[in-house]
Each structure stands twice: as C-alpha cells, then as structure tokens.
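Reading the structure
Chain by chain, the residues:
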Amino acid sequence: MSDLDDETVKTRELTSGRSPAAIVLAVLVIVLCGYALFEASLKALGQEPLIATPETWWRWISTLPGESNLYALAAAGAVLTMLGLTFFIHGVRTGRLAKHSMQCEEAVLILDDQVLAAALARRTQVDAAVGQGQVLVIINRDRIEVQIRPTSGTPLSDDTVIAALENELEINSVVPLPKIKVKISANGVIGQ
Amino acid sequence: MNLTPRPLNRLLCAIFGVLIMVIGIHLLLISTISGYARWWRAFAGEVGQTSLQILRNTTLAGQKDSWLWILIAMGLIIIILLMIWWIAVQGRGRVNEYVNSYFQDDPVPGRIEITDAAVEQILRTILGKRTDIVSLSLTLWENTPTPGIRVKVQPRSGVAPAELGAQVALAVRETQELMGVSGPIVVHLAAGARARFARSERVQ
C-alpha cells in the first residue's frame, strides 16, 4: 500500500475501522459454511449426518413454521433482525471515535477527548477562579458541556468562561470547533 | 494507524447485516402471518422441485449424486478461504523496520537497518525527562518510501495539548532528520486505558 495523504490519515485516526465486527462476521460465515461443507461431505462419503442431512435441513426450511414453536421462531427472527441491523449500522455509520484533531504543521495531531476535557477543565478553573472539583467538563463529539459550581458569594458569568474556553480551543486549534455550553449551578460551594 | 481495508469492512458489514436482517424478518413474518407462511411453503416447494430437477439432470450416468455438489463444495471452500483472508487483513500494515537500505560506500559497503525501538530511543532522548509525559510509545506503519511514525503520548492530566503535541511532533521531525529521511507523522495524545471504552469524556 502506498502513500496516504494527511487528510486520509486523519480520518482513519478519528473513525473506527470496524475490525471487531468484521472478525465476528467472518467467523460466523466460516462456521456456517464449514458446517454445510462438513454435512455435504458426510453425505458424499455415505456417512451418518452430524445433525441432519442437507435434505432434512431443506425440508425443515421449506415447510416452516412446520411443527416448530411459533414463539421460539418469532424470538429467533427478532434476534436475527436486531443482529443484522447492528451489523448494517456498523457498516453505514461513520463510527467516530471519542477523539479530536488539532492543527499542526509537522504532523497529524490527534487527541483523546479526555485529554482535551482535562485541559479545558484546568483552564476553566483558572479563569473562573474556582477550585478543583468544582468544574465538570463533558465532551461529546462536537459539543462541550461545562458544569461549574461557583464558590458561594463570588458571582460568575457564563461569558467569562465561554470566552476563556473559546480562547483555549483557539490556542489548541481544535478542528472542527465544538460548540460550548456552560452551566453554572445555582448552589455554590462554601469557602474555597 | 494501520492499513485495515476499511471500505471493504463497511461494505461487507452492510451486506451481511442486510442478509441477516432479511432472514430475521422472514422468520418473524412466518411465525406471525399465516398467509405469508402459506405463500412461503408453496414458493419453497416450487424451488425445491426445480432444484431437484436440476440436480437430477446434472447427475452423470453411474453416479449417485450430481456433480453440482462438487461445485457447491468448492464454492463453500472459496468462501471460507476469503473469510480467513478477511480476518487476516485486519490490522495489517504495521512494520518494525524504519530504515532498511543498502549503501555502496567505498571501503565498507553494507546494509543499514534501523528498527522502531531505535527510533523510539532517539525520540526519548530528544524529549528528555519531561514531567508532563506519563508514557510514550511508537509504532510504524507501512508507507513508501519511508514508513509513517505514530507516536502515542500519554500526557499528565490538564497539560496544554497543543503545545505538547507540537513539541513532540518537532522532536519526531528532528529524529527523522537524524535518520536522513522524512515521512508522515501522527501524534496521538491519549488518555489512560481506563477511559478507552468511554463514549463521552468526563473530567473534573
């Protein structure tokens, strides 16, 4: 495989490769095909079938529901539908990981959301002049939610915090720029 | 960073997902709507008759079964082999040799090989004893002419990421200059293993 450009590398870093789903599917198909092959060869060699001959299988399938329990059949159908839907969604959705990228001249710079959250929490603490444990930062894709419990008696405005966070995101040049939501709790924390 | 065939993964996931869904919905319909079940039995009976006819027509004189079974068996084997290949290409594309080239130098010609461990040691030396880095590891991915470098750095909580990231990236560039090569670089600032499975990140 040859060169990938930086954009491709970035996308690959920020999204999931769907390897686990692929491996699960491949194993499923191998087991099914292996069983069919085994049963067919037993028949070809004139041996007793392991579970049932291909003909018995086909008779069972073609006369469904036959004598099988309707509820069990419906349950199996529901489970298979959900399973199929899960795999389908895995194939179709972008599968973004909890990561962001930052602009950098030299390299593709990727950071886990938790690292970004920690940096933002630190900055908020400094700018809102609150102690550790009074700030909670939640990052979810392109939304950042900051919850602050101010110190009692010290008023705190959203704008200061938002300005500080925007500045911090700008310094770190996080792309794409997430939206910031600040929630200042009504109850304060006593004496810091 | 690796060279897992992602479009293939997605395509096959979607196709198999739809197939499994179709079977599931089919079972649901059979067990709930009797009219559908009746239609299915009639339809499957017809299909069974036709295929039986085909199998009979393709049975050679003196043979017990149709030669189509051999084709079916071969098809199954091919599918199994393809699936094994599909598993094998997951996570492919890692290499552990950074430089591997032959120099026709006059007194002593020879081949030079530099492994990923050597690159990592150089990087550690350049970055020195930094207190804001908890751990650092380096992997290489297949790329021409030079493998790409992916550095995973675990910073201490609350460190300004842009500055650290840029410094690490610069250090990697310096390392590359030392080796006399250039190539793509990925710097990944990672949280601890504890947070790897979390979807949204909460930090106090």
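Residues numbered from 1 in each chain as written. Chains lettered and ligands numbered in written order. Predicted model: local features only at pLDDT ≥ 70, side-chain atom pairs only at ≥ 80, totals over all residues.

Describing the domain arrangement of chain B
Taken domain by domain, chain B holds domain 1 (6–88) and domain 2 (94–192). In this structure, domain 1 of chain B and domain 2 of chain B have C-alpha centres spaced 50 Å apart. (Domains from an automatic or database assignment.)

A look at helix α5 (residues 161–179) of chain B
Residues and elements named next belong to chain B. The terminal C-alpha atoms of α5, which comprises 19 residues, lie 27 Å apart, in line with the 27 Å expected from a rise of 1.5 Å per residue. Burial in α5 covers these residues: Pro161, Ala162, Leu164, Gly165, Ala166, Val168, Ala169, Ala171, Val172 and Thr175. After α5 finishes, the residue Gly180 shows a positive phi value of roughly 75°. (Helix = DSSP H or I, 4+ residues; strand = E, 2+ residues; numbered from the N terminus. Expected span 1.5 Å × (residues − 1). Buried ≥ 20, exposed ≤ 12 C-beta atoms within 10 Å, placed from the backbone.)

Brief notes about the nonpolar core
Of all hydrophobic cores here, the largest spans 52 residues; its most connected members are Val146 of chain A together with Val168, Val172 and Val187 of chain B. If we skip the residues at most four places from it in the chain, Val187 of chain B touches Ala107 and Leu109 of chain A together with Val151, Val153, Gly165, Val168 and Ala169 of chain B. Counting 13 residues, the second largest nonpolar core, distinct from the first, contains Ala22 and Ala26 of chain A together with Leu12 and Met83 of chain B. (Core = buried A, V, L, I, M, F, W, Y, C linked by C-beta atoms within 7 Å. Contact = placed C-beta atoms within 7 Å.)

Some words on unusual backbone geometry
In this structure, the amide linkage connecting Thr144 of chain B to the following residue, Pro145 of chain B, adopts the cis form with an omega of 0°. Within the element layout of this structure, Pro145 of chain B appears in the loop between β4 (133–141) and β5 (148–155). In this model, Arg141 of chain A sits at a positive phi of 55°, which is unusual for a non-glycine residue. In this structure, Arg141 of chain A sits in the loop between β3 (135–140) and β4 (143–148). Arg141 of chain A gets classed as partly exposed once you count the C-beta atoms within 10 Å, which come to 15. Positive phi, close to 40°, is recorded for Ser173 of chain A, a residue that is not glycine. Considering the arrangement of structural elements, one finds Ser173 of chain A in the loop between α6 (158–172) and β5 (174–175).

With respect to the packing of helix α4 (residues 116–127) of chain B against α5 of chain B
All names here are of chain B. Contact geometry of α4 with α5 gives a least axis separation of 9 Å together with a crossing angle of 125°. When the axes of α4 and α5 are compared, the pair comes out oblique. The handedness of the crossing between α4 and α5 comes out as right-handed. Contact with α4, carried on its side by Val119, Ile122, Leu123, Ile126 and Leu127, involves Val168, Ala171, Val172, Glu174, Thr175 and Leu178 of α5 and no other residues of that element. Residue composition of the contact of α4 with α5, by class: 9 nonpolar, 1 polar and 1 charged. (Axes fitted to C-alpha atoms, helices over the stretch in contact; angles between N-to-C directions. Parallel < 35°, antiparallel > 145°, perpendicular 65-115°, else oblique. Left-handed = near helix turned anticlockwise from the far one by under 90°. Nonpolar A, V, L, I, M, F, W, Y, C, P; charged D, E, K, R; others polar.)

What to know about the domain arrangement of chain A
Residues and elements named next belong to chain A. Looking at chain A, the domain boundaries give domain 1 (6–92) and domain 2 (99–184). With centres defined by C-alpha atoms, the gap from domain 1 to domain 2 works out at 46 Å. Domain 1 puts 5 residues into the contact, and the matching count from domain 2 is 4 residues. Tallied by class, residues from the side of domain 1 that touches domain 2 come to 2 nonpolar, no polar and 3 charged.

Overview of the interface of chain A and chain B
How big an interface is tends to be expressed through the accessible area that disappears when the partners come together. Taken together, the contact between chain A and chain B spans 75 residues of the former and 76 residues of the latter. When residues of the side of chain A that touches chain B are traced back to their parent elements, those giving at least two are α1 (6–14), α2 (19–44), α3 (54–62), α4 (70–92), β2 (108–112), α5 (113–128), β3 and α6 of chain A. Looking at the side of chain A that touches chain B element by element, the count peaks at 16 residues for α4 of chain A. Looking at the side of chain A that touches chain B, its residues break down into 49 nonpolar, 17 polar and 9 charged. Examined bridge by bridge, β2 of chain A and strand β6 (residues 185–189) of chain B share 4 bridges and lie parallel to one another. Across the sheet, Ile110 of chain A pairs through a bridge with His188 of chain B, a residue of β6 of chain B. (Pairing = 2+ DSSP bridges.)

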